Amino acid sequence: MSTEPDVVVVTGAGGMGLAVARRLGGGRTVLLADAFPDTLDRAVDALRAEGYTAKGQVTDVSDAPSVVKLAEAAAGAGRLTAVVHTAGVSAATSTVRKIMEVDLLGTAHVIDAFEQVATRGTAVVCVASMAGHVARLTEEQEQALATAPAAELLDLDVVRDARDGEPVMAYILAKRANHVRVQAAALAYNRRGARINTVSPGVIATPMARAEQDSASGDHMLATLEACGIGRPGTPGELAEVVAFLTGPGSLYLTGTDVLLDGGQAGWLRWHRPR
Ligand SMILES: NC(=O)c1ccc[n+]([C@@H]2O[C@H](COP(=O)([O-])OP(=O)(O)OC[C@H]3O[C@@H](n4cnc5c(N)ncnc54)[C@H](O)[C@@H]3O)[C@@H](O)[C@H]2O)c1
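Treat the numbers as computed from the prediction; the structure is a model and nothing was measured.

**Side note on the pairing of strand 6 (residues 195–201)**
Here comes step 1: Counting buried positions over the 7 residues of strand 6 gives 7, a clear majority of the element.
Here comes step 2: The two faces of strand 6 match: Arg195, Asn197, Val199 and Pro201 on one face and Ile196, Thr198 and Ser200 on the other face are all buried.
Here comes step 3: Pairing between strand 5 (residues 123–127) and strand 6: 5 bridges, direction parallel. Bridging from a neighbouring strand, Cys126 pairs with Thr198 of strand 6.
Here comes step 4: The sheet contact formed by strand 6 and strand 7 (residues 258–261) spans 4 bridges and is parallel. From the neighbouring strand, Val199 faces strand 7, where its bridge partner is Val259.

What follows is the structure, given as structure tokens:
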């Protein structure tokens, strides 16, 4: 019997990352990654105080070598069971450039780096967003976003064209790119006996959602939650529960797809929003 520890990698030590680490990390080695050392140290300390075996590795997901180092550290630490990519930025508090570098390119780096170390049974989940479901891109644009080498992503026409637009449009584009890139990556993961999916949250009550609530789009966000009938944000625990399913034994036939976790917001926006 193998004595190797089971390893769970979580990128992003924010609201979702911590909830996922707590839900998946019991009895396993948690390798937590964040670009900000203070945030990372606080999260690792909190997990250790609760009895988890947690390690931190400072990682900037927008930097490919940094993500490769994380993947190598994970592979060296034991049997890679789950990788959950929650590191990201929001449209309410970031520039277009930052959104493209972190949410679009960073996710591509995670998909590529962990494909190289994925083994039989590894399950990857990338956190995209409900915003990706409101994107309206052409087939050619989606083809490019799904399959262009990561190093070429920021030079695609569809990405360049978004440079002078609003951050929210860049965010919608980046999150749709996450969907299609993960879908396209399922083949390579299948060949290694591994799986990869996205989860698309609507509003989950984390520091990011609180910052958005306080921003110019905050009222719109709250109004949508009311209008769609759910009347509340999701909790980090509800997000972690879906991730547990997507990385667990109940979803072995589920790969290359997206789970929309938005309390019905996308459905309201598409079919019921007054025009
Ligand atoms: N909270 C929501 O309502 C919501 C809704 C839809 C999608 N999302 C997405 O969910 C993901 C997680 O969001 P959250 O709510 O936990 O946010 P959060 O702000 O609580 O946590 C995000 C973490 O990512 C880290 N980070 C930022 N840039 C990084 C980089 N370049 N490299 C490594 N780490 C970096 C931050 O330091 C932070 O700790 C993000 O991709 C976000 O876009 C969030």
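**Some words on the sheet that holds strand 5**
Here comes step 1: Taken in spatial order, the 7 strands line up as 3-2-1-4-5-6-7 in an open sheet, and their pairing is parallel. Looking at which strands have only one partner, the edges of the open sheet turn out to be strand 3 (53–58) and strand 7. Sheet twist, expressed as the mean angle between neighbouring strand axes with direction ignored, is 20°.
Here comes step 2: Here helix 7 (residues 167–191) sits on the sheet and contacts strand 5, strand 6 and strand 7; the angle it forms with strand 6, its principal contact strand, is near 165°.

**Let's talk about helix 1 (residues 15–24)**
Here comes step 1: Among the 10 residues in helix 1, 7 count as buried, and that is most of the element.
Here comes step 2: Those residues of helix 1 hidden inside the fold are in contact with strand 1 (6–11), strand 2 (29–34), helix 2 (37–49), strand 4 (79–85), strand 5 and helix 10 (236–247).

**A word on the environment of Thr107**
Here comes step 1: Mapped onto the fold, Thr107 is located in helix 4 (residues 96–117).
Here comes step 2: Residue classification places Thr107 among the buried residues on the basis of 29 C-beta atoms within 10 Å.
Here comes step 3: Measuring from C-alpha to C-alpha, the distance between Thr107 and Asp164 comes to 22 Å, with 57 residues separating the pair along the chain.
Here comes step 4: If sequence neighbours within four positions are ignored, Thr107 has contacts with His85, Cys126, Asn178 and Arg181.

**Examining the nonpolar core**
Here comes step 1: Of all hydrophobic cores here, the largest spans 82 residues; its most connected members are Val9, Val20, Val30, Leu32, Ile99, Phe114 and Val243.
Here comes step 2: For this core, the element with the most residues is helix 4, which contributes 12 residues.
Here comes step 3: Beyond its immediate sequence surroundings of up to four residues, Phe114 is in contact with Ala71, Val83 and Val124.

**Re the site of the ligand**
Here comes step 1: With respect to spatial proximity, 32 residues lie near the ligand, and among them Gly14, Ala87, Gly88, Thr206 and Met208 are the closest.
Here comes step 2: When contributions to the shell around the ligand are tallied by element, the ones reaching two or more residues are helix 1, helix 4 and helix 8 (207–213).
Here comes step 3: Of the residues that constitute the shell around the ligand, the class distribution is 15 nonpolar, 14 polar and 3 charged.

**Quick word on the pairing of strand 4**
Look at any regular strand and the pattern is simple: side chains alternate between the two faces of the sheet.
Here comes step 1: Of all 7 residues that make up strand 4, 6 are buried, and the element is covered over most of its length.
Here comes step 2: One ladder, built from 6 bridges, connects strand 1 with strand 4; its direction is parallel. Across the sheet, the residue bridging to Thr11 is His85, located in strand 4.
Here comes step 3: As paired strands, strand 4 and strand 5 are joined by 4 bridges and run parallel to one another. Bridge pairing in strand 5 places Val83 opposite Val124.
Here comes step 4: The β-α-β motif built from strand 4, the intervening helix 4 and the parallel element strand 5 has right-handed crossover chirality.

What counts and what doesn't
Residues numbered from 1 in each chain as written. Predicted model: local features only at pLDDT ≥ 70, side-chain atom pairs only at ≥ 80, totals over all residues. Buried ≥ 20, exposed ≤ 12 C-beta atoms within 10 Å, placed from the backbone. Helix = DSSP H or I, 4+ residues; strand = E, 2+ residues; numbered from the N terminus. Pairing = 2+ DSSP bridges. Axes fitted to C-alpha atoms, helices over the stretch in contact; angles between N-to-C directions. Contact = placed C-beta atoms within 7 Å. Core = buried A, V, L, I, M, F, W, Y, C linked by C-beta atoms within 7 Å. Near = placed C-beta within 6 Å. Nonpolar A, V, L, I, M, F, W, Y, C, P; charged D, E, K, R; others polar. Right-handed = clockwise from strand over helix to strand, strands pointing away.

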